[in-house]
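# Structural overview
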Amino acid sequence: MTSTSLREICSLEDWMQNPLKGTEWVDGALIHKNPEIWVDGHLVANNGMTLKHGRVQARLATHWENYKEQSKLGGEVYTEAPCRTNKQGRKPDVAYLTPSLAAQFGNAETLPQSFPLTAEVISPTDFAEAVIAKAYEYLQSGGEEVWLIFPNNFWVIVVTQETRKIFVSGEVVCTQIVLPGFRISVDELLA
C-alpha cells in the first residue's frame, strides 16, 4: 500500500476507537496526514512536514500549556490528538481542551467533537481552499476558535463563528474566545 489514501481500511467509528498513527479519516477514506514519498530507496518528499512546521507546532503547544498553567485555567493542550468532526476524523496540529471537556472526555480514545481551540500549521503543499474548509469544519463541530498558521508568510489567521482576523509579522496574535488573554507576537511564534 503505497498510496496516500488507503480506502476501506476501516469505518469512521473504527478509526475513532483506534486512530492509526499519522492518519485522519476524510471523506470516507483513511488518509496519511503527512505521507512520505520514496523513490529508489530515497525520501524525496514529506508532503510539507518540515523542521519549521514541527518547531512552530511545539512552540505553540508550549506557550498554550505555560499560559493555561500560569493563568490557572486548567484543561489540556494536545498535539496531533484525534477528534471527530461532524463527518471526519481529524488530528489537529495543536489543540486545547477546556477543563469541563477534559473531565468528560480526557480518557477517550478520540474526542467525539472538535477541540474548542485548534491550530493548524500550514505547509507549502496545503491548498488554501482545503485549509479554510477544515477551519469551518472544526467550527461546525463544536470548535470555537481556529488558528491557521502560515510559517513561510509570517501570517496567523484566527477564525471564529463571528470573526476572521489576520495577524502578520510585527503584530501580536491573541486568542479571541478560548484561553482568554493569551497573546504572542507573530515573530516570536514563527521565528
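No experiment lies behind these values; they were computed from the predicted model shown.

Helix and strand content of the protein chain: five helices and 15 strands. Sorting the 191 residues of the protein chain into buried and exposed places 43% on the buried side. Considering only residue pairs separated by 6 or more positions, the protein chain has 54% of its internal contacts joining residues 24 or more positions apart. Of the accessible surface of the protein chain, which amounts to about 9900 Å², a share of 52% is contributed by carbon and sulfur atoms.

Note: α-helices contain 3.6 residues per turn, so residues at a spacing of three or four share the same orientation. In this model helix α4 (residues 128-139) runs 17 Å from its N-terminal to its C-terminal C-alpha over 12 residues, within 8% of the 16 Å that 1.5 Å per residue would give. Looking only at α4, the buried set comprises Val131, Lys134, Ala135, Glu137, Tyr138 and Leu139.

Now for the packing of aromatic side chains. Following the criterion strictly, the structure yields four aromatic pairs and no others. A ring pair is formed by Trp64 and Trp147, whose centres lie 5.6 Å apart and whose planes are at 85 degrees; its orientation type is edge-to-face. One end of the pair, Trp64, is in helix α2 (residues 51-70); the other, Trp147, is in strand β11 (residues 145-150), and 83 residues separate them in sequence. Trp147 carries the same exposure label as Trp64, and that label is buried. Taking the centre distance of 5.5 Å and the plane angle of 75 degrees together, the rings of Tyr67 and Phe182 count as edge-to-face. Of this pair, Tyr67 sits in helix α2 while Phe182 sits in the loop between β14 (172-174) and β15 (183-185), and the two are 115 residues apart along the sequence. Under the relative-accessibility criterion, Phe182 is labelled buried at 3%. An aromatic cluster of three or more residues is present, and its members are Trp64, Tyr67, Trp147 and Phe182.

Most of strand β10 (residues 117-121) is tucked away, with five of its five residues classed as buried. Alternating positions in β10 separate into two faces, Leu117, Ala119 and Val121 on one and Thr118 and Glu120 on the other, with burial throughout. Bridge count for strand β9 (residues 94-97) against β10 is three bridges, and the pairing is antiparallel. Bridge pairing in β10 links Tyr96 to Leu117. When β10 meets β11, the two strands line up parallel, connected through five bridges.

Attention now moves to the confidence of the model for the protein chain. The predicted model of the protein chain averages 86 in pLDDT, with 84% of residues at 70 or higher. In this model, residues 1-9 is a region of pLDDT below 50 whose contacts with residues beyond four sequence positions or in other chains number 16 contacts. Under a pLDDT of 50 for its full length, residues 42-47 has, in the predicted model, 17 contacts with residues more than four places off or in other chains.

Take the nonpolar core next. Counting 24 residues, the largest nonpolar core has Leu60, Trp64, Trp147, Ile149, Val156, Val173 and Leu189 as its most contacted members. Secondary structure elements with two or more residues in this core: α2, β9, β10, β11, β12 (155-159) and α5 (186-190). The dominant element in this core, judged by the number of residues it contributes, is α2, at five residues. Leu111, Leu139, Ile157 and Val159 belong to the second largest nonpolar core, which has 17 residues in total.

This part is about the side chain of Ser141. By secondary structure assignment, the location of Ser141 is in the loop between α4 and β11. On the basis of relative accessible area, Ser141 is assigned to the buried category, the value being 7%. A distance of 2.8 Å separates a polar atom in the side chain of Ser141 from the backbone nitrogen of Asn86. Each residue touching Ser141, except ones within four places of it in the same chain, is listed here: Thr85, Asn86, Gln113 and Ser114.

Criteria and cut-off values
Residues numbered from 1 in each chain as written. Predicted model: local features only at pLDDT ≥ 70, side-chain atom pairs only at ≥ 80, totals over all residues. Heavy atoms only, no water. Helix = DSSP H or I, 4+ residues; strand = E, 2+ residues; numbered from the N terminus. Buried < 20%, exposed > 50% of the residue type's maximum accessible area, 1.4 Å probe, protein only. Contact = heavy atoms within 4.5 Å. Areas by Shrake-Rupley, 256 points an atom, 1.4 Å probe, with all protein chains shown as cover. Expected span 1.5 Å × (residues − 1). Phe/Tyr/Trp six-rings, centres within 6.5 Å; stacked < 30°, edge-to-face > 60°. Pairing = 2+ DSSP bridges. pLDDT = per-residue confidence, 0-100. Core = buried A, V, L, I, M, F, W, Y, C linked by side-chain atoms within 4.5 Å. Polar contact = N/O pair within 3.5 Å; in protein donor to acceptor, adjacent residues only side chain to side chain.

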